[in-house]
Amino acid sequence: KQEVTQIPAALSVPEGENLVLNCSFTDSAIYNLQWFRQDPGKGLTSLLLIQSSQREQTSGRLNASLDKSSGRSTLYIAASQPGDSATYLCAVRVQTGANNLFFGTGTRLTVIP
Amino acid sequence: GAGVSQSPSNKVTEKGKDVELRCDPISGHTALYWYRQSLGQGLEFLIYFQGNSAPDKSGLPSDRFSAERTGGSVSTLTIQRTQQEDSAVYLCASSLEGTSGGATQYFGPGTRLTVL
């Protein structure tokens with residue numbers, strides 16, 4: 001069964017810093033990997049989706065990379081802002097069985113003004 | 001356009017009662033998913049619909065849980081004889097899915113269920 005791990009579980013940084021969130025998964029047979037943010041009491045907002053054939057995706061200050069062979073992905077956030085404070089989740093979709101996502105437990109990010 | 005909507009947003013019920021949770025997916029999305037997020041735990045997959053059929057029910061935690069989807073649109077998740085361990089946020093997602101399984105899933109705001 002696919003297992004997804006995120007490190008660190010929580011992170012606090014001063015405003016303006018660049019930061020990296022890590023995600024690892026045990027089964028490299030994936031369709032894609034998706035990064036989400038979750039704000040307290042809210043649903044999930046999709047940030048970036050990387051197909052298995054891709055190495056990275058960029059959106060604004062966010063850059064996500066994927067190394068499928070080693071089972072790793074990183075989410076890079078440049079010039080962090082207090083509005084970036086949220087829980088960041090990575091999820092992978094495997095190539096077998098259902099089309100469901102396997103989620104990590106998330107990294108809770110706090111950007112201090 | 002309109003996103004995924006869920007109702008109710010909050011539900012408090014007594015142990016042993018039945019509850020129904022509703023999900024309205026994005027119009028035209030063929031695939032619909034239910035997930036559960038328990039306190040301190042990650043999101044766990046419950047069930048997946050392609051159209052009105054559910055090819056994978058493996059995530060349903062017990063036979064007290066059931067779900068249906070009608071008209072390729074609205075879905076309801078029913079929990080019978082609720083237990084305190086059913087307390088969680090129930091999230092619904094939809095996607096425009098072909099057979100390759102690579103589309104983005106869009107999530108609703110969730111229903112927070114509390115079983116007293």
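Coordinates for the structure precede this section.
Residues numbered from 1 in each chain as written. Chains lettered and ligands numbered in written order. Predicted model: local features only at pLDDT ≥ 70, side-chain atom pairs only at ≥ 80, totals over all residues. Heavy atoms only, no water.

Peer 1: Looking at this model, I keep getting lost on the state of the cysteines. Mind explaining?
Peer 2: Simply put, disulfide is the name for a covalent bond between the sulfur atoms of two cysteines. Residues and elements named next belong to chain A. Across all of its chains, the model carries two disulfides over all chains by this definition. Here Cys23 connects covalently by a disulfide to Cys90, the sulfurs 1.9 Å from one another. Judged by the sign of its S-S torsion, about 70 degrees, the cystine formed by Cys23 and Cys90 is right-handed. A residue pair is termed long-range when its members are at least 10 positions apart, and Cys23 in strand β3 (residues 19-25) and Cys90 in strand β9 (residues 86-94) qualify at 67 residues. (Disulfide = S-S within 2.5 Å. Helix = DSSP H or I, 4+ residues; strand = E, 2+ residues; numbered from the N terminus.)

Peer 1: Looking at this structure, I do not really get the packing of aromatic side chains. What am I missing?
Peer 2: The relative placement of two aromatic rings is captured by the distance of their centres and the angle of their planes. Throughout the structure, instances matching the rule amount to eight aromatic pairs over all chains. Between A:Phe36 and A:Phe103, the aromatic rings sit 5.7 Å apart at their centres with planes inclined by 40 degrees, giving tilted as the arrangement. With A:Phe36 in strand β4 (residues 30-38) and A:Phe103 in strand β10 (residues 101-103), this residue pair connects regions lying 67 residues apart in the sequence. Judged by relative accessible area, A:Phe36 falls into the buried class, the value being 0%. Residues B:Tyr35 and B:Phe107 carry aromatic rings whose centres are separated by 5.5 Å and whose planes lie at 40 degrees to one another, so their mutual orientation is tilted. Taken together, the positions of B:Tyr35 in strand β4 (residues 31-37) and B:Phe107 in strand β10 (residues 106-107) put the pair 72 residues apart, joining distant regions of the chain. Each member of the pair B:Tyr35 and B:Phe107 is classed as buried. Taken together, the ring pairs in this structure connect A:Phe36, A:Phe103, B:Tyr33, B:Tyr35, B:Phe45, B:Tyr48 and B:Phe107 into an aromatic cluster. (Phe/Tyr/Trp six-rings, centres within 6.5 Å; stacked < 30°, edge-to-face > 60°. Buried < 20%, exposed > 50% of the residue type's maximum accessible area, 1.4 Å probe, protein only.)

Peer 1: Help me out: how do you make sense of unusual backbone geometry in this one?
Peer 2: In terms of backbone geometry, most residues other than glycine have negative phi values and most peptide bonds are trans. For the bond running from A:Ile7 to A:Pro8, omega is -5 degrees, close enough to zero to count as cis. Along the polypeptide, A:Pro8 turns up in the loop between β1 (4-7) and β2 (10-14). Phi is positive for A:Ala79, which is not a glycine, with a value near 45 degrees. Positionally, A:Ala79 belongs in the loop between β8 (72-77) and β9. The residue B:Arg81 is not glycine, and still its phi comes out positive at about 45 degrees. One can find B:Arg81 in the loop between β8 (75-79) and β9 (88-95).

Peer 1: Would you mind going over the pairing of strand β7 (residues 65-69) of chain B with me for this structure?
Peer 2: Residues and elements named next belong to chain B. Summarising the sheet, β7 and β8 pair through five bridges and their orientation is antiparallel. Among the inter-strand pairings, Phe65 is bridged to a residue of β8, identified as Ile79. The turn joining β7 and β8, which pair antiparallel and follow one another in sequence, is formed by five residues; a positive phi near 60 degrees is taken by Gly71. (Pairing = 2+ DSSP bridges.)

Peer 1: Is there a simple way to explain the nonpolar core in this structure?
Peer 2: By size, the foremost hydrophobic cluster in this structure holds 24 residues, and its most contacted members are A:Leu33, A:Trp35 and A:Leu75. Counting residues per element, the ones that place at least two in this core are β3, β4, β5 (44-51), β7 (62-67), β8, β9 and β11 (107-112) of chain A. Here the element with the most residues in this core is β9(A); it accounts for five residues. Ranked by size, the runner-up nonpolar core spans 19 residues in total, among them B:Val19, B:Leu46, B:Leu77 and B:Val115. (Core = buried A, V, L, I, M, F, W, Y, C linked by side-chain atoms within 4.5 Å.)

Peer 1: Would you take a moment to explain the pattern of salt bridges for this structure?
Peer 2: A side chain of one charge can pair with a side chain of the opposite charge if their charged atoms are brought near each other. All names here are of chain B. This model, assessed by the stated rule, comprises five salt bridges over all chains. Among the ionic pairs, Arg36 bridges to Glu44, the shortest N-O distance being 3.0 Å. Looking at Arg36, the relative accessible area reads 9%, which means it is buried. Across the pair Asp86 and Arg64 runs a salt bridge whose closest N-O atoms are separated by 2.8 Å. Pair noted here: Asp86 is in the loop between β8 and β9 and Arg64 is in the loop between β6 (53-56) and β7, with a separation of 22 residues, a long-range link. (Salt bridge = Lys/Arg side-chain N within 4 Å of Asp/Glu carboxyl O.)

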